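Listed below, chain by chain, are the residues.
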Amino acid sequence: MLALAVALAAAWPAPTSAAAPAASQEVTPDLRDLTAWLELQRARHGAAFPDEARLFYRQGLMAREAGRSAEAERLVRGAAELDPSFVEPHLTIASWSLFREPSQSLLHLATVLELARGNFVLQHALVANLVYLGLQSVLLGLLALGLLVVVVHADDLRHPWQERLTAWLSPVTARWWAWAIVLLPFLAGLGPVLPTLAALGLLWPVLRGRERAAFVALLAAAVASPIATHALDRLATPLHEERAPLYGVPLLENQAPSPSAEARLARLSAAQPDNAFLHFGLAWTAKRRGDLARAEAGYREVLRLWPDDDRALVNLGHVLALRGRDEDALALFTRATQVAPDNAAAWFNASQIHTRRFDYRAATEALGRASALDFDLVKAYQARGADDGTLAFVDCWIAPATFWRAASTAPPAGDAARALPPAWRGRIEASGWPFAAAALCVAVLALVAGRAEHRHTPLRSCSNCGVVVCRRCAHRRRELALCPSCAEVEARAESPDFARVLLLQHARRRRRGRHLIETALATLVPGFGLVVHRRVVRPFAMLAAAAALLAGTAGMTAPFAFEPRVGLGDGGGPAPLVVALWIALYAASLAAHARLEARRRAQEAQLAAPVRSRSAPPTRHAPPAAAA
């Protein structure tokens, strides 16, 4: 205990009122010299350099692409030191060492989780991008599922048009024109959702319950699309500097202070004196630029609006300590520990004031409390001590919960389409309530037309090969309905038994060709093999997962990004992990398809097997052997 007190006394010089070393006494290091910037950070008591950190991070990515792995890792680790709140370096190191050094990867991922716990900007980016990815994956999964159902039932959609056109055209020409009519809505520039809804509505009478559920889900997603747009708009509130009540304040924590930002905040805080976020942001920026008088005034305004905010108390105490008013600073730190006993920064700063006053027992107790609450914070700030032995005070940013409450009550913007990601803008599906009304009208009209068409021309499958037929083209054979092709094959037979053999051979040839096409599509499209067998739940999950993986594989940039683009990588996950996920997805899809195909073939073999007549029981006039 005594050794710790002596160390604290030696670590702190006489009180000073200087806020920071004068910029004129320092030489700005070269942006290619990482070591010099780390030394400057140590001289400034661990001050963060966010812009320089992102530049060194980008240099590390370029070195990695050039094959200089050791240099790349050094630069990326240095970027993480220059700005401890910069998440990308930790994620990059974790991805690079995932298979080489799993322990290092887990350590950096734990650092990311610890940063996310207290960083609203990171929390918001994760939540907003997950919501965006989830909405996009669900919508694309439902759309892809609807398209696959339409593909599987394409003959049911085409056949009524072909029958009508046969009255004026030849069968071959009518077939081609029928396909053109089916495909025309998808090529008319109406987007994929409306034509898919129209097709599924027309197919309603021939769909099973699961497939009808897919149609209803796609319609619900289309009608609810404006709600998703407004949700994304609400999530974009912290991104806009002109949107109340945050006005871009969450982005100030790790931004380099500038006179323009300070002037903007001063103007807004003067116009809105009851907005504590603006006063906090102004005080934060002014303190980092060395304007301690404005910083003190700003934090006092924050405490007028938030009297028991422990973070504002800590920051105001820091400003007063820099101005040489240790007694007032200690009173504020003590009050902060009373308001929030778990605030490690308040205890740590109080220990520095006690050390200045040579009250080593109180300093040791306060430092012990701070270490018990957040040992990493105390260790980090002690490691950042300058060469002269001085230690920096700890500042506290606004609590994430405070930001979340304000963002949840933010008023909606006049034009919610501004919040849409670039990939969604300009598409008809993102036009809001007009598209929702159009989707509902199209679905209702298609349902009415489909039921009317089915009553007028009911469809069924050929009893032999499964081709779609109607009562106009079907050839009746007692209880059987054969397509024209099967009827022609049957007509060539000289006996019923020979006709049965020819029909089975013809059905096998047709089904073999159809199964080859289905297997090829099932190999290319996850979930298609299950859609062929009239399943929809697992195919939807596979298609939604494929949409999410495709967004990462294609390197699509996350729409809610708070980092400068110069500091971002390709946006995808580790390549081995992404490849493994794709392989697992296709393996699950093909395995399910193979299992259902084996079950279907077993059922067909059972139906095609000859039926054995049961032996007659022995009579009393004949012995059992003779009867057998």
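Residues numbered from 1 in each chain as written. Predicted model: local features only at pLDDT ≥ 70, side-chain atom pairs only at ≥ 80, totals over all residues. Heavy atoms only, no water.

## A word on the environment of Asn 464
Stage number 1. With respect to the helices, strands and loops of the structure, Asn 464 is situated in the loop between strand 1 (459-461) and strand 2 (468-470).
Stage number 2. Residue Asn 464 is classed as buried on the basis of its relative accessible area of 11%.
Stage number 3. Setting aside its immediate chain neighbours within four residues, Asn 464 contacts Leu 482, Cys 486, Leu 503, Leu 504, His 506, Ala 507 and Arg 511. (Helix = DSSP H or I, 4+ residues; strand = E, 2+ residues; numbered from the N terminus. Buried < 20%, exposed > 50% of the residue type's maximum accessible area, 1.4 Å probe, protein only. Contact = heavy atoms within 4.5 Å.)

## Things to note about the packing of helix 7 (residues 120-152) against helix 11 (residues 209-223)
Stage number 1. For the pair helix 7 and helix 11, interaxial distance at closest approach is 9 Å and the crossing angle is 140°. Of the possible angle classes, the one that applies to helix 7 and helix 11 is oblique. Read as a crossing pair, helix 7 and helix 11 show a hand that is left-handed. In this structure, helix 7 contributes Leu 139, Leu 142, Leu 143, Leu 145 and Val 149 to the contact, and helix 11 contributes Glu 211, Ala 214, Ala 217, Leu 218 and Ala 221. (Axes fitted to C-alpha atoms, helices over the stretch in contact; angles between N-to-C directions. Parallel < 35°, antiparallel > 145°, perpendicular 65-115°, else oblique. Left-handed = near helix turned anticlockwise from the far one by under 90°.)

## Some thoughts on the packing of aromatic side chains
Stage number 1. A full pass over the atoms with the stated rule returns 14 aromatic pairs.
Stage number 2. With a centroid separation of 5.8 Å and an interplanar angle of 70°, the aromatic rings of Trp 204 and Phe 215 are classed as edge-to-face. On the criterion of sequence distance, the pair formed by Trp 204 in the loop between helix 10 (193-202) and helix 11 and Phe 215 in helix 11 is long-range, its members being eleven residues apart.
Stage number 3. Judged by centre distance (6.2 Å) and plane angle (35°), the rings of Trp 397 and Phe 403 are tilted.
Stage number 4. A residue is classified by how much of its surface remains accessible, and Phe 403, at 0% relative accessible area, is buried.
Stage number 5. Taken together, the ring pairs connect Phe 120, Phe 277, Phe 280, Trp 284, Tyr 299, Trp 306, Trp 397, Phe 403 and Trp 404 into an aromatic cluster.
Stage number 6. Here the guanidinium or amino end of Arg 54 rests over the ring plane of Phe 86, the centre of that ring lying 4.1 Å away.
Stage number 7. The ring of Trp 96 is capped by Arg 64, whose NZ or CZ atom sits 4.4 Å from the centre of that ring. (Phe/Tyr/Trp six-rings, centres within 6.5 Å; stacked < 30°, edge-to-face > 60°. Lys NZ or Arg CZ within 6 Å of the ring centre and 35° of its normal.)

## Focus: the UniProt feature "repeat: TPR" (unreviewed entry) in the chain
Stage number 1. Per the UniProt record, "repeat: TPR" (unreviewed entry) is annotated on residues 310-343.
Stage number 2. Helix and strand shares over residues 310-343 are 79% and 0% respectively, and the end C-alpha atoms of the span are 8 Å apart. (UniProt positions renumbered as here; feature names shortened; annotations may be inferred.)

## Notes on helix 3 (residues 50-65)
Stage number 1. For helix 3, with 16 residues, the first-to-last C-alpha span of 23 Å sits near the 22 Å given by 1.5 Å per residue.
Stage number 2. Listed in full, the buried residues belonging to helix 3 are Pro 50, Glu 52, Ala 53, Arg 54, Phe 56, Tyr 57, Gly 60, Leu 61 and Ala 63.
Stage number 3. Residues of helix 3 that are buried sit in contact with helix 2 (34-43), helix 4 (69-82) and helix 5 (88-96).
Stage number 4. Two residues or fewer after helix 3 comes Gly 67, characterised by a positive phi angle close to 90°. (Expected span 1.5 Å × (residues − 1).)

## Points about the nonpolar core
Generally speaking, soluble globular proteins have nonpolar side chains that are buried together.
Stage number 1. Of all hydrophobic cores here, the largest spans 55 residues; its most connected members are Val 249, Phe 277, Phe 280 and Phe 403.
Stage number 2. Sequence-distant contacts of Phe 403, that is, excluding residues within four places in its chain, are made with Phe 120, Leu 246, Val 249, Pro 250, Phe 277, Trp 397 and Ile 398. (Core = buried A, V, L, I, M, F, W, Y, C linked by side-chain atoms within 4.5 Å.)

## Comments concerning the confidence of the model for the chain
Stage number 1. Taken as a whole, the chain shows an average pLDDT of 82; of its residues, 85% reach a score of 70 or greater.
Stage number 2. Below pLDDT 50 for its whole length, residues 564-571 participates in 18 contacts with residues either more than four positions away or in separate chains. (pLDDT = per-residue confidence, 0-100.)

## Concerning a nonpolar patch on the surface
Stage number 1. A surface patch of nonpolar side chains, amounting to about 260 Å² of accessible area, comprises Leu 91, Leu 106 and Leu 109.
Stage number 2. Take Leu 106: it is sitting in helix 6 (residues 102-118). (Patch = residues over 30% accessible without salt bridge, like charges linked within 9 Å, V, L, I, M, F, W, Y side chains within 5 Å. Areas by Shrake-Rupley, 256 points an atom, 1.4 Å probe, with all protein chains shown as cover. Salt bridge = Lys/Arg side-chain N within 4 Å of Asp/Glu carboxyl O.)

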